[in-house]
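Coordinate analysis (summary)
The lines below spell out each chain.
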Amino acid sequence: MLIYDTLIIGSGPTALTAAVFTARANLKVLVIGEPKKSMLVSAADLGNYIGTDGMSGPEWLDKGIEQIKKYGSEFLEQEVVHVEKRENFKIKTADNKTYESKTIIICTGVALRPAGIAGEKELLGKGVHTCVACDGWPYKQKKVGVIGNTNHAAEEVIELLALTKDVTLISNGKEFSISKELMDELNKAKIKFLKDKVSEFKGEKKLEKVILADNQELVFDGVFLALGATTALAFAQKLALDTKNNYLVVDSEGKTSLDGCYAAGACTGGNLQIAKSAGEGCNAAISVIKKVKGLANYSDLT
Ligand SMILES: Cc1cc2nc3c(=O)[nH]c(=O)nc-3n(C[C@H](O)[C@H](O)[C@H](O)COP(=O)(O)OP(=O)(O)OC[C@H]3O[C@@H](n4cnc5c(N)ncnc54)[C@H](O)[C@@H]3O)c2cc1C
């Protein structure tokens, strides 16, 4: 059986960046992932990643996959269902095939929790959004709602306040569970709070109204869902990796607690941005290159 130098699990910005670095270092690389499930597929315009202004997430992913293949990385659109470590890592995909690799890089991202509100799927990216840092800019001086009841929602509101003061935080029928420090900031900014349950997002081509459970209609230019995220912890359990708050723990070189297993990007926590993911993907890739080639240093002049 062919043994890869590294097998990269995932197909978002982290995985593709790790692949381009390892492939260009002439390692034998296999990427296994499902690009249609990357968070980036719902991004309409990557205006905050330099060089991609006006480009959509799917366009970026397609170009990325083309680029890694050009440099010799193999790419397989599949789900990884099992991984174990013996002498090497053995990886099984949903189509029941097995692959073997000296190292692995886990780049499996996170999944943002949906709200399950009628109209949410249809209007996603069209007035209903999930990330202020990604999609907040067009709402400068506009009227915006944020749906959520935790610190995540409060942080999204605080980020929006740099763009607009007209922000309403809607807990969607739950009690607010926000730290005192963040709540003090929200109160100081005099944002509006609502505890109503939201029953529907309405609009033809874009969001026009938010309908509450008591049929009250609210008009917002845009709404941001801030309900936290679920993480791909299955690998952590299979390989007994260290985790913290449901994210994989890595050191400054992207190493997990298991020799030969690296992780990077959104599955390790922190900011949900391409720049962060790409940087960490590069970092983990360089650690893998050093390990596989037995180098003390690689592209580090310190
Ligand atoms: C609506 C929206 C707009 C956004 N806009 C921007 C923006 O403008 N600029 C910006 O910088 N960021 C933006 N982001 C954030 C950005 O998408 C994420 O930060 C980035 O995609 C995280 O990269 P990642 O590679 O860590 O994870 P992901 O891109 O989510 O990739 C993880 C991949 O791993 C795969 N995977 C998971 N489990 C398995 C498995 N078992 N087997 C195989 N594959 C698996 C998933 O299918 C997925 O393809 C946006 C996000 C959203 C939701």
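Going by the structure above, here's the rest.
Residues numbered from 1 in each chain as written. Predicted model: local features only at pLDDT ≥ 70, side-chain atom pairs only at ≥ 80, totals over all residues. Heavy atoms only, no water.

1. Some points on the site of the ligand
In the vicinity of the ligand, 35 residues are found, and the nearest of them are Thr 14, Ser 38, Asn 48, Val 80 and Ile 274. Note that an oxygen atom of the ligand is positioned 2.7 Å from one of the side-chain N or O atoms of Ser 38. The contact in question runs from an oxygen atom of the ligand to an N or O atom on the side chain of Ser 277, over 3.3 Å. Considering the ligand on its own, with 990 Å² of exposed area, one finds that the protein chains cover 94% of that surface. The two domains that each donate at least three residues to the shell around the ligand are domain 1 (3-112 + 229-293) and domain 2 (120-225). (Near = heavy atom within 4 Å. Polar contact = N/O pair within 3.5 Å; in protein donor to acceptor, adjacent residues only side chain to side chain. Areas by Shrake-Rupley, 256 points an atom, 1.4 Å probe, with all protein chains shown as cover. Domains from an automatic or database assignment.)

2. A look at the state of the cysteines
Here the structure, examined in full by the defined rule, presents 1 disulfide. Put simply, Cys 131 and Cys 134 are joined by a disulfide, and their sulfur atoms are 2.1 Å apart. With the S-S bond torsion at 70 degrees, the cross-link from Cys 131 to Cys 134 turns out right-handed. We classify Cys 131 as buried; its relative accessible area is 14%. Residue Cys 134 is classed as partly exposed on the basis of its relative accessible area, which comes to 33%. Looking at the unpaired Cys 261, the closest cysteine sulfur is the one in Cys 267, lying at 9.4 Å. Between Cys 267, a free cysteine, and Cys 107, which holds the nearest cysteine sulfur, the sulfur-to-sulfur gap is 6.4 Å. Taking relative accessible area as the criterion, Cys 267 reaches 2% and is therefore assigned buried. (Disulfide = S-S within 2.5 Å. Buried < 20%, exposed > 50% of the residue type's maximum accessible area, 1.4 Å probe, protein only.)

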